[in-house]
Amino acid sequence: VTSTFQQILVVTSTFQQVQISKAVQNAKKSINHFEDNSTAAEASLNSYSKHNEEVCTNHTFGQDWDLLCQGGIASQADSRLLAPTTKKPLHVIQIGAHTGFEPNDPLAKGLSSYIHLLTQPDKSRITWTFVEPSPPNYKRLMENINIHQSQLKCQMKAVNAAVISDTTVSTDGLVFHSINETIDPETGIDSKTGKKLPIYITQLSGFSMKPILFNKNAFRSKGLDYKDYVVKTNVTALRFSELMKDIMYGQEEKEENNDETPFLLLIDTEGFDCDILLGIMPDSKYLPQFLVFEHHQCGREKKDSTYEYLQKLGYNVTQTDSQNTVAYRSLKAKAM
C-alpha cells in the first residue's frame, strides 16, 4: 500500500510539473504575443508619424486643403485608420463630383497624396464615393475612377444621382438641367462645332437654371446659343440621409448597429449646398468630421444661416478666398 501511495505521489508530482511547465510556456507565448503586437503597433504608428508633415506642409494643394490641414485632417485620418485597437473604415464622399480628379478639385491632390503614403491594408479601409447626376459627366467619371483606383488602390465607387435636402417633401416638379453631351466635360470642346468653351461649363448642370443663365455669355462669345445645349434630364433624386445610409451601410446592413460617421464630405451642387446642410438634423450620424461646400450660390442670408447652424453644431467654419467654405469639428463635438 505504501509503495502504491508513493507511486501515486510521484505521478501527481510529475503531472503538476507538466502542468506548471505548460502554464509557463503559455504565459511566455502570451507575453511574446503582446510584445510583438505592441512592437508592431508602435512601428505602424511611428511609420505614419510624418503623414501630417508630408501632406500638409506642401502648400501646392490650395487653400481649401490647407484649412483642412489646420483641422488636423491627416492626423485624424491616421487615428481612424491606424489605431491598433480600432482601425475603422474611412469614408470620403463627393456630392457633385463632375468627372472627378479635376485641376480645381480641392480634395483630389491632397487626399491622393495621403493615400499614396499608406500600406495596402490601410488603403483598403478607405472608401471614396463620387456622386454625380449628369449622365455625360457620370460616364466620364466612371472612366476616371477606373484609372485612379488602379493607382491609389483604395475602394472607389460612383452613384448616379442628384442629392436633395432631407426636408424636401416631394420630388415632383424637380427638373434637372444637363449640358449636352456634345461638349466634352473635361476639355470643353463642342464636337458639333469644334469650338472650345470654358472647361467649367459642364459643371453648371443642376436643378436650377441660374448658373447656366449667369454663364450664357460663354456660349454667346463663341457664336452659340446656350438654349441649344441645355437638356432637361430625368435623374434619380435622393435625400441626403438616404444617400448616406446607402453609401455607408448598404441596403442590407442594420444602420442602428453601426456607429460609423463620414470623415470628409465635399458638396458642390450648383446652388443647393446650403439647403442640404440646413436639412441635416442636429443628431444625425451623417454629420462629417470635415466638410467643404460651395457657398457663393447660397445667397447671403442662407449662407449666414448655414454658418450659424454649423457653428452651433461645433464646427470651426472658414470662408476661403475661392467660392468654398471649409468646416471641421472634433469627434467629441455635440449638437446644440
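An account of the accompanying structure is given in this report.

What counts, and at which threshold
- Residues numbered from 1 in each chain as written.
- Predicted model: local features only at pLDDT ≥ 70, side-chain atom pairs only at ≥ 80, totals over all residues.
- Heavy atoms only, no water.
- Pairing = 2+ DSSP bridges.
- Helix = DSSP H or I, 4+ residues; strand = E, 2+ residues; numbered from the N terminus.
- Axes fitted to C-alpha atoms, helices over the stretch in contact; angles between N-to-C directions.
- Contact = heavy atoms within 4.5 Å.
- 1 Å grid on protein atoms, 1.4 Å probe; cavity = no way out; pocket = protein on both sides within 12 Å on 5 of 7 lines; lining within 4 Å.
- Points joined across faces, edges and corners; volume = space filled by probe spheres on them.
- Nonpolar A, V, L, I, M, F, W, Y, C, P; charged D, E, K, R; others polar.
- Salt bridge = Lys/Arg side-chain N within 4 Å of Asp/Glu carboxyl O.
- Buried < 20%, exposed > 50% of the residue type's maximum accessible area, 1.4 Å probe, protein only.
- Disulfide = S-S within 2.5 Å.
- Phe/Tyr/Trp six-rings, centres within 6.5 Å; stacked < 30°, edge-to-face > 60°.
- Core = buried A, V, L, I, M, F, W, Y, C linked by side-chain atoms within 4.5 Å.

1. Examining the sheet that holds strand β9 (residues 290–294)
What the seven strands build is an open sheet, ordered β3-β2-β1-β8-β9-β11-β10; its pairing is mixed. The two strands at the open ends of the sheet, each matched to only one other strand, are β3 (155–159) and β10 (316–319). In this sheet, adjacent strand axes meet at a mean angle of 10 degrees when their direction is disregarded. Running at roughly 175 degrees to β3, helix α7 (residues 135–152) makes contact with β2 (126–131) and β3 of the sheet. Across the sheet, helix α10 (residues 240–249) touches β1 (90–95), β2, β3 and β8 (264–267), and the angle it forms with β1 is around 140 degrees.

2. Let's talk about the layout of surface pockets
One water molecule sets the probe size; rolling that probe over the atoms shows where empty space is left. Here the largest pocket defines a volume of roughly 970 Å³. The wall of the largest pocket is formed by 47 residues, among which Gln203, Asp268, Glu270, Glu294 and Gln323 lie closest to the centre. When contributions to the lining of the largest pocket are tallied by element, the ones reaching two or more residues are α3 (63–70), β1, β4 (162–164), α8 (210–214) and β8. Ranked by residue count, the leading element in the lining of the largest pocket is α8, at three residues. Classifying every residue of the lining of the largest pocket by side-chain character gives 19 nonpolar, 19 polar and nine charged.

3. Observations concerning the pattern of salt bridges
Applying the stated criterion across every chain yields a total of eight salt bridges. One salt bridge in this structure joins aspartate 184 and arginine 140, with 2.9 Å as the shortest N-O distance. Placement of aspartate 184 in the loop between β5 (176–179) and α8 and of arginine 140 in helix α7 is noted, with a sequence separation of 44 residues between them. What makes aspartate 184 partly exposed here is its relative accessible area of 21%. Glutamate 308 is the partner of lysine 312 in a salt bridge, and the nearest nitrogen-oxygen pair spans 3.5 Å. Of this pair, lysine 312 and glutamate 308 are both found in helix α12 (residues 300–312), four residues apart, which corresponds to roughly one turn of the helix. Through salt bridges with shared partners, one network takes in Arg140, Glu143, Asp184 and Glu186.

4. What to know about the state of the cysteines
Applying the stated criterion to the full structure yields two disulfides. Through a disulfide, cysteine 56 is tied to cysteine 69; the S-S separation comes to 2.0 Å. An S-S torsion of about -80 degrees defines the bridge between cysteine 56 and cysteine 69 as left-handed. Placement of the pair is cysteine 56 in helix α2 (residues 51–56) and cysteine 69 in helix α3, with a sequence separation of 13 residues.

5. Remarks on the packing of aromatic side chains
Counted according to the given criterion, the structure contains 11 aromatic pairs. Relative to tryptophan 65, the ring of phenylalanine 61 lies with its centre 6.3 Å away and its plane at 90 degrees, an arrangement referred to as edge-to-face. For the residue pair phenylalanine 61 and tryptophan 65, the accessibility class agrees, reading buried in each case. With a centroid separation of 6.0 Å and 80 degrees between ring planes, the pair formed by phenylalanine 207 and phenylalanine 272 is classed as edge-to-face. Note that phenylalanine 207 is positioned in the loop between β5 and α8 and phenylalanine 272 in the loop between β8 and α11 (273–278), a separation of 65 residues in sequence.

6. So, the nonpolar core
The nonpolar side chains of a soluble globular protein tend to be buried with one another. Of all hydrophobic cores here, the largest spans 38 residues; its most connected members are Trp65, Leu68 and Trp128. Take this core: its biggest share by element is five residues, from helix α4 (residues 73–82). Not counting residues within four places of it along the chain, the set of residues in contact with leucine 68 comprises Ile73, Leu107, Leu264, Phe290, Val292 and Val326. Counting 30 residues, the second largest nonpolar core, distinct from the first, contains Val131, Met248, Ile276 and Tyr307.

7. Quick word on the environment of threonine 233
Among the structural elements, threonine 233 can be located in strand β6 (residues 230–233). With 54 residues separating them in the primary sequence, threonine 233 and isoleucine 179 have C-alpha atoms 9.5 Å apart. Beyond its immediate stretch of four places on either side in the chain, threonine 233 contacts Pro135, Phe176 and Ser178.

8. Some remarks on the environment of serine 113
Within the secondary structure, serine 113 sits in helix α5 (residues 108–116). Residue class for serine 113 comes out partly exposed when judged on its relative accessible area of 22%. The spatial distance from the C-alpha of serine 113 to the C-alpha of phenylalanine 61 is 9.6 Å, given a sequence separation of 52 residues. Every residue in contact with serine 113, bar those within four places of it in the chain, is listed here: Val55 and Phe61.

9. Quick notes on empty space enclosed by the protein
Summed over all chains, the structure comprises one cavity of 30 Å³ or more. Counted as a void, the largest cavity has a volume near 60 Å³. Lining the largest cavity are Val55, Trp65, Ile73, Ala74, Ala77, Leu90, Leu111, Tyr114, Ile126 and Phe263. At the level of elements, α4 and α5 are the ones that each hand at least two residues to the lining of the largest cavity. For the lining of the largest cavity, the element with the most residues is α4, which contributes three residues. Its residues placed into classes, the lining of the largest cavity shows 10 nonpolar, no polar and no charged.

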